[in-house]
Amino acid sequence: MLKRVAILANGGDVAGLNPVIRAIKRSCEVHGIECYGFIDGYKGLLENKFIRLDFNHLADGILPKGGSIIGSSTNTIVFHYKVTNPDGTVEYKDLSDLCVQNVMKDGFDCVFTLGGDSTQKSARDLFIKGIKTIGVPKTIDNDVACTDITFGYNTAVSVAAEALDRLHTTAETHHRIMCLEVMGRYAGWIALESAIAGGADAVLIPEIPYDINKVAQSIKRRIARGKQFSVVVVSEGAIPKNGQASTFNSDVDNGTGITVKFAGAGDKVAKELEKLVGLEARCTTLGYMQRGGTPTAYDRVLSTKYGAKAMELAMEGKFGVLTVIKNGKLDYVPLEEVVGNNKELGAVEGGTEDSNVRLVTMDDELVKTARDIGICLGD
Ligand code: F6P
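Described below are features of the structure shown in this document. Keep in mind the model is a prediction, meaning the values are calculated, not measured. (Residues numbered from 1 in each chain as written. Predicted model: local features only at pLDDT ≥ 70, side-chain atom pairs only at ≥ 80, totals over all residues. Heavy atoms only, no water.)

### Remarks on the overall build of the protein
Stage number 1. Across its full length, the protein carries 11 helices and 15 strands.
Stage number 2. Over its C-alpha atoms the protein spans a radius of gyration of 22 Å, differing by no more than 12% from the 21 Å that the globule rule assigns to 379 residues.
Stage number 3. In terms of overall dimensions, the protein has a C-alpha envelope of 70 × 50 × 35 Å along the principal axes.
Stage number 4. Relative to its full complement of 379 residues, the protein shows a buried share of 54%.
Stage number 5. Here the contacts in the protein between residues at least 6 apart in sequence split such that 72% fall between residues at least 24 apart.
Stage number 6. For the protein, the exposed surface amounts to about 16000 Å²; the carbon and sulfur share of it is 51%. (Helix = DSSP H or I, 4+ residues; strand = E, 2+ residues; numbered from the N terminus. Rg over C-alpha atoms; globule rule 2.2 N^0.38 Å. Buried < 20%, exposed > 50% of the residue type's maximum accessible area, 1.4 Å probe, protein only. Contact = heavy atoms within 4.5 Å. Areas by Shrake-Rupley, 256 points an atom, 1.4 Å probe, with all protein chains shown as cover.)

### Some thoughts on the packing of helix α6 (residues 189-197) against helix α11 (residues 365-372)
Stage number 1. Contact geometry of α6 with α11 gives a least axis separation of 10 Å together with a crossing angle of 40°. The orientation of α6 relative to α11 falls into the category oblique. Between α6 and α11 the crossing geometry is left-handed. Taken together, the residues of α11 that come into contact with α6 (itself represented by W189, L192, E193 and I196) are L366, V367, T369 and A370.
Stage number 2. Here the contact of α6 with α11 is built from residues that sort into 6 nonpolar, 1 polar and 1 charged. (Axes fitted to C-alpha atoms, helices over the stretch in contact; angles between N-to-C directions. Parallel < 35°, antiparallel > 145°, perpendicular 65-115°, else oblique. Left-handed = near helix turned anticlockwise from the far one by under 90°. Nonpolar A, V, L, I, M, F, W, Y, C, P; charged D, E, K, R; others polar.)

### Observations concerning the site of the ligand
Stage number 1. In the region of the ligand, the neighbouring residues are I140, D141, M183, G184, R185, E236, K261, Y288 and R291.
Stage number 2. E236 places a side-chain nitrogen or oxygen 2.7 Å from an oxygen atom of the ligand.
Stage number 3. Separating an oxygen atom of the ligand from a side-chain N or O atom of R291 is a distance of 3.0 Å.
Stage number 4. When the free accessible area of the ligand is taken as 400 Å², the share hidden by the protein chains comes to 81%.
Stage number 5. Residue classes in the shell around the ligand are distributed as 3 nonpolar, 1 polar and 5 charged. (Near = heavy atom within 4 Å. Polar contact = N/O pair within 3.5 Å; in protein donor to acceptor, adjacent residues only side chain to side chain.)

### Points about the environment of G41
Stage number 1. As for its position among the elements, G41 is in the loop between β2 (34-38) and α2 (42-47).
Stage number 2. Distance from G41 to L114, taken between C-alpha atoms, is 8.6 Å for residues 73 residues apart in sequence.
Stage number 3. For G41, the residues in contact, after removing those within four places along its chain, are L8, A9, N10, I70, S72 and S73.

### Side note on the sheet that holds strand β10 (residues 230-235)
Stage number 1. Ordered in space as β9-β10-β8-β13, the 4 strands form an open sheet in which the pairing is parallel. Lying at the two open borders of the sheet, with one neighbouring strand each, are β9 (202-204) and β13 (281-285). Looking at each pair of strands side by side, their axes are set apart by 20° on average, direction ignored.
Stage number 2. Sheet topology note: the strand β8 (residues 177-182)/β13 ladder contains 5 bridges and is parallel. Note on β13: the bridge partner recorded for I177 is A281.
Stage number 3. Relative to the sheet, helix α5 (residues 153-174) contacts β8, β10 and β13, its axis offset from that of β8 by approximately 165°. (Pairing = 2+ DSSP bridges.)

This is the structure we're talking about:
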């Protein structure tokens, strides 16, 4: 019998977190189960900081609200946690036992982990250590393994598509090439889908290394047809053929030792196209606009379905699993499948290029559709 459950949101925020929290909380209210939220993701689990959510005014009216009412922490990996000693030296410690103790002490029968690949890797590891976890796939990047779609993705695509509509009119007016850099690290889903939704002329994704000359030629062909402007979507992780992604090493260690950030891919493409094509080029980086703000109706429904399914699984006693959408149907898979070959307990591989993430494949319908209508993919 389920008595008390807790929710945590971990990793970069997305629109749709609050609707998942709301669905779990409402389902708890229907079934007379106490519902709690850990503050700031795995950090809250570690520090044992949580608030009650069921029948709490703080958790009312959150369906259209962006962000997360219980916060979220990026890159907090309890198996490899940054600890600063009194003498200023830094150490990474495995504090997972502390999390297990907290959950046992507080009597949580289930912990719902809302997050991407890294969060679900920890959820699987904590499940092995004895915490009854159930994952819900979140990320704007849409790259969590085993599911067709993550919540937050649709909102990000909608924001990018709207940006492209706006860039189109200014590109046309000033006879410019407008590049839009969108998020997505190793996966080109946001770039590809928004390029189709926003009528872009070219799209560069990490999965297809690009030849800038091919992009320039396609824009020149447009000019020859009388189109004195072009709109190009560039994924932040886009890679030139025989080159590397545009990254920089941040001085700020976000807690895991991972300091590599993506930045500059769109600017690089804009500068090169300006030289090669001879039209003025500009770059707009969409950044965190894709993550913030109100969720689309699609994401509200998807998040609600995911939250309700997660609670159903908890009540059936199915733990160590992830709620997924497979061929349009709500389902679940073991977290063991989600981590793929990344089996080592506590391995800090979530969120990196070695993670088990779902990338765009060359036979995907979106790739085919883009090619069919003449969108240049840079190859
Ligand atoms: O994984 C989601 C994501 O939005 C990526 O697309 C992006 O590279 C990253 O988060 C940025 O994260 P941060 O909040 O650490 O800057």
